[in-house]
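The primary structure of each chain is shown beneath.
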Amino acid sequence: MLDTDSRTAWQLFQLNWLPIVAMGSLLAFGLPATGLSLEPVAYGITLAIAALLIAIAYRHQLAKGELADPKLVFSLGTIGQVMLTCAIVGPLSYVAGKMNWPLQDDALLAIDRAFGLDPEPIVSYVNDHPWLADLLARGYGLIKWPLLAIPVVLTLTARHVRLQVFMLAMSLALAVTIAISAMVPAIGTYYGLQLSAAHFPEINTMVYAGQLRDILALRDGSLHELRLFFLSGIVSFPSFHAASAVLYMWALWPVRGIGGIAAALNLLMIAATPVIGAHYLVDLAGGIAVAAASIWVTKFYVERLGRTSVSATPVPAPVWQPSLAE
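Heads up: these notes are all about the structure in this document.

About the cut-offs
- Residues numbered from 1 in each chain as written.
- Predicted model: local features only at pLDDT ≥ 70, side-chain atom pairs only at ≥ 80, totals over all residues.
- Heavy atoms only, no water.
- Helix = DSSP H or I, 4+ residues; strand = E, 2+ residues; numbered from the N terminus.
- Expected span 1.5 Å × (residues − 1).
- Buried < 20%, exposed > 50% of the residue type's maximum accessible area, 1.4 Å probe, protein only.
- Axes fitted to C-alpha atoms, helices over the stretch in contact; angles between N-to-C directions.
- Parallel < 35°, antiparallel > 145°, perpendicular 65-115°, else oblique.
- Contact = heavy atoms within 4.5 Å.
- Nonpolar A, V, L, I, M, F, W, Y, C, P; charged D, E, K, R; others polar.
- Patch = residues over 30% accessible without salt bridge, like charges linked within 9 Å, V, L, I, M, F, W, Y side chains within 5 Å.
- Areas by Shrake-Rupley, 256 points an atom, 1.4 Å probe, with all protein chains shown as cover.
- Salt bridge = Lys/Arg side-chain N within 4 Å of Asp/Glu carboxyl O.
- 1 Å grid on protein atoms, 1.4 Å probe; cavity = no way out; pocket = protein on both sides within 12 Å on 5 of 7 lines; lining within 4 Å.
- Points joined across faces, edges and corners; volume = space filled by probe spheres on them.

In a regular helix each residue adds 1.5 Å, so 24 residues correspond to 34 Å; helix α9 (residues 160-183) covers 36 Å between its end C-alpha atoms and thus fits that length. Extensive coverage of α9 is indicated by the burial of 17 of its 24 residues.

Quick look at the packing of helix α7 (residues 130-140) against helix α13 (residues 259-276) now. Their axes nearest at 8 Å, the elements α7 and α13 cross at an angle of 110°. The orientation of α7 with respect to α13, classified from their angle, is roughly perpendicular. Where α7 abuts α13, its residues A133, L135, L136, A137, G139 and Y140 lie against L268, M269, A271, A272, T273, V275 and I276. Taken together, the residues of the contact of α7 with α13 break down into eleven nonpolar, two polar and no charged.

On the surface, a cluster of nonpolar side chains totalling about 270 Å² of accessible area is made up of V41, I45 and I49. The residue I49 is located in helix α3 (residues 40-64) in this model.

The next subject is the layout of surface pockets. The volume enclosed by the largest pocket comes to roughly 1500 Å³. Looking at the largest pocket, it is lined by 41 residues, and the ones nearest its centre are I143, K144, L231, S232 and G233. Sorting the residues of the lining of the largest pocket by element identifies α4 (70-97), α7, α8 (145-156), α9, α11 (206-220) and α12 (240-252) as the ones contributing at least two each. Here the lining of the largest pocket gets eight residues from one element, more than from any other, and that element is α4. Split by residue class, the lining of the largest pocket holds 26 nonpolar, 13 polar and two charged.

Below is the structure:
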């Protein structure tokens, strides 16, 4: 990787291990401390696939050196880091939830209402329009696919630094989101409104049912084993669906033909979050703020890294100018 862009991206790729290792360490200590455990088969398979992709990326880089293909290194390496991060943060959110701080549904609902944004009329409107409920249900599920698509799209378009900024910003946003959620736990709008899911028959409330089940089981001590592929999104404030939508839009915006489509789909995901994810509207504001701050911090660091690299690199003398050694 001879060009400056790829070298900077490689530095950032290495830096991305810091939040991953930090969150992994918290998970390793948090599981036994809270009495939780991981179902080993699914977790082991996921870690093995991630490790294989990362090993291929590092093996190619070490073998080829300056001639390494950045598309191969950053696509496979970043997908491996994404898989590893997701395998860590899901269980880590349960460890954070196990702290059993007082539920804040009443406070979050009060904030929504203070701004004139009562969630009940919004959900009722969607329930009265089944086509809209179906559209939002589809939009809410869009959170998964960009995690694999973004590394591929950005490497194919040679946006290697942007990919690593996205990865680092996403890791920071996840860490901040989980930390805040431990102190501001909540179940969701239907719980805050004291309405059962059956009150809105046209809305897919499976997501809410899963988070209600797991949060209550965590708090009463009946949940012990975490099955990776069956974990629910138990984080309410701030909403990581909203945060991820901002991160995805930022990552893909410069890509011609894709940026506009990505923006529209992610705006749909944000619109679906209060209804399908049973999030308070203040959850969305918190998630958007966390994502924006994470992107700003990461970009600020990259700009400083770039200035440091330039100032530390000797400026070569023009070919027509004899060097001092001559």
